[in-house]
Amino acid sequence: MLWLILVLLAWAVAAVSCLRLCLAAADAPHHLDEGAEEARGEAGADVCGAYELTLPEAAFLAGGPQRVTELTLVSMHRGRRLLLAHTGWATVVDPDGENDLERSVIGAIGPSGQARTAAVRTAVSAADAVRVLADRLVRAGLAVPDTARNPVVSAIRAVRAASVLTVVLAAGAVLTLSQGQQPGPVVAWFAPPLVMTLGCLAIARFEVHDYLGWASPAGNRLLDSLTDRAAEHAASGAGERAQLTMVAVHGICALDDPQLRAAFTNGRTADRIR
């Protein structure tokens, strides 16, 4: 009867993880609404009509701290304040950063003036300058606060783990059956918890979508407007800012320089570029 214990365990894990996701999804809108109400109270008007996104802010809303770091590195490289080699190394050219983000990059590279690009990206993503930018967007109601996103993301991971565990337990139950016992009825008992977890994940894909990204609904509207303008400018071949905007919104895949793209892949594509 070991298989019965495994069935009960699968049911319990599935039920707890799905309940956790439901509670996190139900609580997330309250955290998001609190930020939106605070933003409206400070601005006294519609957030989208009163806020002008900077490129680092757009990068955060589109891709989080990592995207902000990528934008800063590309901007410094294009401004000849930093050299990004296709071998995956970053070298300081101008030690005087123009803003806190650039100074964070220079500080992450260190006194030697050269460091691996991947290490710089990791360090800058966790820097105070990025956290200050994130807090400003949350206060403006444009970014999803960690109190709303993190519980939902963690709960989704738990449901995924529960679905995998259900399959593993089902396989274990089949292996413990005595000779001659049919596995079909035993496996059938594992179907409901598996359907429960997979169904919960499917529903969450649509119901909690607003809390999984970095931008709130208001932030997404601003970001869409900025993206449309950048696409028009890029199509006409106009402006350095338009190119940087595309990097902010779409990441390094928007770069038109293959060697610069290789700088962010630690030189793995260097041989193909030569």
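Residues numbered from 1 in each chain as written. Predicted model: local features only at pLDDT ≥ 70, side-chain atom pairs only at ≥ 80, totals over all residues. Heavy atoms only, no water.

Lay out the overall build of the protein in plain terms, naming residues and giving numbers.
Across its full length, the protein holds 12 helices and 3 strands. Across the 274 residues in the protein, those meeting the buried criterion constitute 41%. The contacts in the protein between residues at least 6 apart in sequence include a share of 74% that link residues at least 24 apart. In the form shown here, the protein has an accessible surface area of approximately 14300 Å², with 59% of it arising from carbon and sulfur atoms. (Helix = DSSP H or I, 4+ residues; strand = E, 2+ residues; numbered from the N terminus. Buried < 20%, exposed > 50% of the residue type's maximum accessible area, 1.4 Å probe, protein only. Contact = heavy atoms within 4.5 Å. Areas by Shrake-Rupley, 256 points an atom, 1.4 Å probe, with all protein chains shown as cover.)

Let's hear about the pattern of salt bridges: which residues, and what values?
The tally for this structure, following the rule as stated, stands at 9 salt bridges. Here R149 and D146 are joined by a salt bridge, their closest N and O atoms 2.5 Å apart. Taken together, the residues R149 and D146, both in helix α7 (residues 146-175) and 3 residues apart, mark about one turn of the helix. Where salt bridges share partners, they join R67, E70 and R121 into one cluster. (Salt bridge = Lys/Arg side-chain N within 4 Å of Asp/Glu carboxyl O.)

Please set out the packing of helix α4 (residues 100-109) against helix α5 (residues 117-125) residue by residue, giving values where relevant.
Running from N to C, α4 and α5 cross one another at 130 degrees; their axes reach a closest spacing of 9 Å. Considering their axes alone, α4 and α5 lie oblique with respect to each other. With respect to the hand of their crossing, α4 and α5 are arranged in right-handed fashion. Contact with α4, carried on its side by S104, V105, A108 and I109, involves V120, A123 and V124 of α5 and no other residues of that element. Taken together, the residues of the contact of α4 with α5 sort by class into 6 nonpolar, 1 polar and no charged. (Axes fitted to C-alpha atoms, helices over the stretch in contact; angles between N-to-C directions. Parallel < 35°, antiparallel > 145°, perpendicular 65-115°, else oblique. Left-handed = near helix turned anticlockwise from the far one by under 90°. Nonpolar A, V, L, I, M, F, W, Y, C, P; charged D, E, K, R; others polar.)

Tell me about the environment of T54, and name the residues and values.
Among the structural elements, T54 can be located in the loop between α2 (47-50) and α3 (55-78). Sequence separation between T54 and A248 is 194 residues, and the spatial gap between their C-alpha atoms is 10.0 Å.

Any details on unusual backbone geometry? Residues and values, ideally.
Despite not being glycine, R80 has its phi angle at roughly 60 degrees, a positive value. Mapping R80 onto the fold places it in the loop between α3 and β1 (82-84). Under the relative-accessibility criterion, R80 is labelled exposed at 69%.

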